[in-house]
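The residues making up each chain are set out below.
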Amino acid sequence: MATGPEEIRQHIRIYLMVFASLAVLTVVTVAASYLNVALPLGIALALLIASVKATLVACYFMHLISERKSIYALLILSLVFLLVMLVVPLLTNSDMLQSKYVS
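Please read all numbers here as calculations on a predicted model, not as lab measurements.

*Asks:* Let's hear about the overall build of the protein: which residues, and what values?
*Replies:* Along the backbone of the protein there are four helices and zero strands. What you see in the protein, going N to C, is helices and strands ordered as α-α-α-α. In the protein, which comprises 103 residues, the share counted as buried stands at 15%. At a minimum sequence separation of 6, the contacts of the protein that also span at least 24 residues come to 73%.

*Asks:* I'd love a proper account of the pattern of salt bridges, names of residues and values included.
*Replies:* Following the criterion strictly, the structure yields one salt bridge and no others. Between Glu 6 and Arg 9 there is a salt bridge; the shortest N-O distance is 3.4 Å. You can see Glu 6 and its partner Arg 9 sitting in helix H1 (residues 5–33), three residues apart, about one turn around the helix.

*Asks:* Outline the layout of surface pockets, supporting the account with residue identities and numerical values.
*Replies:* Over the atoms, a rolled probe matching the size of one water molecule traces out where space is still vacant. Computed from the structure, the largest pocket encloses a volume of approximately 420 Å³. At the level of elements, helix H2 (39–61) and helix H3 (71–91) are the ones that each hand at least two residues to the lining of the largest pocket. Sort the elements by how many residues they give to the lining of the largest pocket and H3 lands first, with eight residues. Here the lining of the largest pocket is composed, by residue class, of 14 nonpolar, three polar and two charged.

*Asks:* Please give an account of the packing of aromatic side chains that cites residues and values.
*Replies:* What the rule picks out here adds up to one aromatic pair. On the basis of an interplanar angle of 20 degrees and a centroid distance of 5.8 Å, the ring pair of Tyr 15 and Phe 61 is categorised as stacked. Note that Tyr 15 is positioned in helix H1 and Phe 61 in helix H2, a separation of 46 residues in sequence. On the accessibility criterion, Phe 61 (39% relative accessible area) is partly exposed.

What counts and how
Residues numbered from 1 in each chain as written. Predicted model: local features only at pLDDT ≥ 70, side-chain atom pairs only at ≥ 80, totals over all residues. Heavy atoms only, no water. Helix = DSSP H or I, 4+ residues; strand = E, 2+ residues; numbered from the N terminus. Buried < 20%, exposed > 50% of the residue type's maximum accessible area, 1.4 Å probe, protein only. Contact = heavy atoms within 4.5 Å. Salt bridge = Lys/Arg side-chain N within 4 Å of Asp/Glu carboxyl O. 1 Å grid on protein atoms, 1.4 Å probe; cavity = no way out; pocket = protein on both sides within 12 Å on 5 of 7 lines; lining within 4 Å. Points joined across faces, edges and corners; volume = space filled by probe spheres on them. Nonpolar A, V, L, I, M, F, W, Y, C, P; charged D, E, K, R; others polar. Phe/Tyr/Trp six-rings, centres within 6.5 Å; stacked < 30°, edge-to-face > 60°.

The values reported here are purely geometric and, on their own, carry no functional implication.
See the structure below:
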């Protein structure tokens, strides 16, 4: 818990930096939606940006950054699921799946 005014200012500065980072990443998300890329690559890009934003929220606003011991297993598990979610759209060929069910 913050004990003095300087420590409170430091916490406020951190929260403002996280807010600014989230605002910039929101602009990056909107800009990325206008990119003309393949759908699987677009999904992977959106998931990557969203995972960075979710990590910032979880670490700072949910105060998980100070949990050192128990959080590592959860972070590794989350990273595995993130990699699966990023790889599956890239490996899926939507044209092949569409032609298989249209015929």
